Amino acid sequence: QALFVESGGGLVQPGGSLSLSCEASRSTFSLENMGWYRQISGTQRELIAATTAGGTTNYVDSVKGRFTISRDNAKKTVSLQMNSLKTDDTATYFCNVARSVDPLVGITFGSWGLGTRVTVSS
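Reference entry: report on the structure contained in this document. It should be emphasised that the depicted structure is a prediction, and the values quoted were computed from it without experimental measurement.

So, about the overall build of the protein. Counting its regular elements, the protein contains zero helices and 11 strands. Going residue by residue from the N terminus, the α and β elements of the protein occur as β-β-β-β-β-β-β-β-β-β-β. Computed over the C-alpha atoms, the radius of gyration of the protein is 13 Å, within 12% of the 14 Å expected from 2.2 N^0.38 for a compact globule of 122 residues. Projected onto its principal axes, the C-alpha positions of the protein cover 40 × 30 × 25 Å. Classification of the 122 residues of the protein by burial places 43% in the buried group.

We now examine the pattern of salt bridges. Scanning the entire structure with this criterion turns up four salt bridges. A salt bridge links Arg-26 to Glu-32; the shortest N-O distance between them is 2.5 Å. Overall, Arg-26 belongs to the partly exposed group, its relative accessible area being 24%. With a relative accessible area of 16%, Glu-32 lands in the buried category.

This part takes up the pairing of strand 4 (residues 34–39). Burial within strand 4 is extensive, with five of its six residues counted as buried. Connecting strand 4 to the antiparallel partner strand 5 (residues 46–51) that follows it, the hairpin turn spans six residues, and Gly-42 within it adopts a positive phi of roughly 85 degrees. Direction of pairing for strand 4 relative to strand 9 (residues 91–100): antiparallel, over a ladder of six bridges. Residue Arg-38 lies in a different strand from strand 9, and its bridge partner there is Tyr-93.

What counts and what doesn't
- Residues numbered from 1 in each chain as written.
- Predicted model: local features only at pLDDT ≥ 70, side-chain atom pairs only at ≥ 80, totals over all residues.
- Heavy atoms only, no water.
- Helix = DSSP H or I, 4+ residues; strand = E, 2+ residues; numbered from the N terminus.
- Rg over C-alpha atoms; globule rule 2.2 N^0.38 Å.
- Buried < 20%, exposed > 50% of the residue type's maximum accessible area, 1.4 Å probe, protein only.
- Salt bridge = Lys/Arg side-chain N within 4 Å of Asp/Glu carboxyl O.
- Pairing = 2+ DSSP bridges.

Everything listed is a geometric property; what it means functionally is a separate question.
So, in structure tokens, the structure goes:
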């Protein structure tokens, strides 16, 4: 069984919405910062949204006000609601633990799932 399984990606028009889901199998999930990362073609993977174990959230400026991260500790899931999507949001999206929520700092090394592809195009 994979450590993280992302789903929900697809093709959407600019201005549209999409909801991503991540299922985690880590026994320590409820104690950890969790985040959504994305990798735009030809660039490094970056942390764009994160949430503490208690539900405090933080986002990179490019998605702030448009994306919402949430978690369900009982179900060990992390969701990302994406609204007002732009062509610049086209990327493969991954979930994983986050080193820090505020400031927003992602992990350097880790085990990654396959991610889910989001394509925003008209």
